[in-house]
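Chain by chain, the residues run as shown.
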Amino acid sequence: RQRQMCIRDSYYDNVRLRIGNGQDLELFHNGTDSYIDNNTGNLHLDSASNIIFETGSSAERLRIASNGNVKIGTGAPNLAVGSGLEIDTGGAASIRLEDSGQGSGFEIQNTGGVIKQRLYNNQPWTIEYGGGEKFRIKSDGQLIHNAENSSGHVAEFNQTHASNDARILINS
């Protein structure tokens, strides 16, 4: 036999709907904000298709696609290869990783058709491979290759070659 629950046809704020033994799961609206409070185990959201988070007047802000891809923005993720995260703001978009305990941050921006990488608080930009640092750009612009100062020249940003690709030349 299934139990049925009847909710009165009057509307109340600051009343909790409790499901389970004790306070396992609560739905609550305090007159301003709404809450789902899960106090036992994991909270699972399950959908036959996508899970979509909306704000305002049904404006989509986040989608978890059924294949596991995530998109911040509107619509389905459109990743060229594999799975992952896509951010589409319809304008400039940024991803920022910040270690507030160390006061350092790293940001990738796509703005005006230009992709920029920014580092904050005088942190170097390093590339590691196989557990070791291979390349570093310090906050003053100095290039370091294989943990030693580069002794060659570096091609200018806008210098092009026969293939029309910009190059960085070290020890040439």
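Residues numbered from 1 in each chain as written. Predicted model: local features only at pLDDT ≥ 70, side-chain atom pairs only at ≥ 80, totals over all residues. Heavy atoms only, no water.

So, the overall build of the protein
Quick reminder of the rule: Counting from the N terminus, the helices are the DSSP runs of H or I reaching at least four residues and the strands are the DSSP runs of E reaching at least two. Under the scheme applied here, a residue whose accessible area is under 20% of the maximum for its type counts as buried, over 50% as exposed, and between as partly exposed, the area being computed with a 1.4 Å probe on protein chains only. In what follows, residue pairs with any heavy atoms lying within 4.5 Å of each other are defined as contacts. Accessible surface area values rest on a Shrake-Rupley calculation with a 1.4 Å probe, where residue burial reflects the displayed protein chains alone.
For the protein, the helix and strand inventory stands at zero helices and 14 strands. Walking the protein from its N terminus toward its C terminus, one meets helices and strands in the order β-β-β-β-β-β-β-β-β-β-β-β-β-β. Per-residue burial for the protein yields a buried fraction of 12% across its 172 residues. Considering only residue pairs separated by 6 or more positions, the protein has 2% of its internal contacts joining residues 24 or more positions apart. Of the roughly 13,700 Å² that the protein leaves accessible, carbon and sulfur atoms contribute 47%.

Regarding the packing of aromatic side chains
The condition that has to hold: Any two rings among Phe, Tyr and Trp, with Trp reduced to its six-membered ring, count as a pair given centres within 6.5 Å; such a pair is stacked if its planes are under 30 degrees apart, edge-to-face if over 60, and tilted if neither.
In total, this model carries two aromatic pairs according to the counting rule given. A ring pair is formed by Trp125 and Phe135, whose centres lie 6.4 Å apart and whose planes are at 90°; its orientation type is edge-to-face. Here the residue Trp125 occupies a position in strand E11 (residues 125-129), and Phe135 occupies one in strand E12 (residues 132-137), the gap between them amounting to ten residues. Since its relative accessible area comes to 25%, Trp125 is described here as partly exposed. We classify Phe135 as buried; its relative accessible area is 12%.

Here's the deal with the confidence of the model for the protein
The condition is simple: One confidence number per residue, pLDDT, is output by the predictor and ranges from 0 to 100.
Summary statistics for the protein give a mean pLDDT of 76 and a share of 78% for residues scoring 70 or more. The weakest mean pLDDT in the protein belongs to strand E14 (residues 148-149) at 52; the strongest belongs to strand E3 (residues 34-38) at 90. Low confidence marks residues 150-161, where pLDDT is under 50. Its contacts with residues over four positions away, or in another chain, come to 22 contacts.

Let's talk about the sheet that holds strand E9 (residues 104-111)
To be explicit about the condition: When DSSP locates at least two bridges between a pair of strands, those strands are taken to pair. For every element, the axis is a line fit to its C-alpha atoms; helices are fit only across the contacting stretch, and the angle between N-to-C directions ranges from 0 to 180 degrees.
Strand order across the open sheet formed by three strands is E8-E9-E10, with antiparallel pairing between neighbours. Each having just a single partner strand, strand E8 (93-99) and strand E10 (114-120) make up the two edges of the open sheet. Geometrically, the sheet is characterised by an average inter-axis angle of 10° between neighbouring strands, direction not taken into account. Of the strand pairs in this sheet, E8 and E9 are connected by seven bridges, and their pairing is antiparallel. Residue Ser94 lies in a different strand from E9, and its bridge partner there is Gln109.

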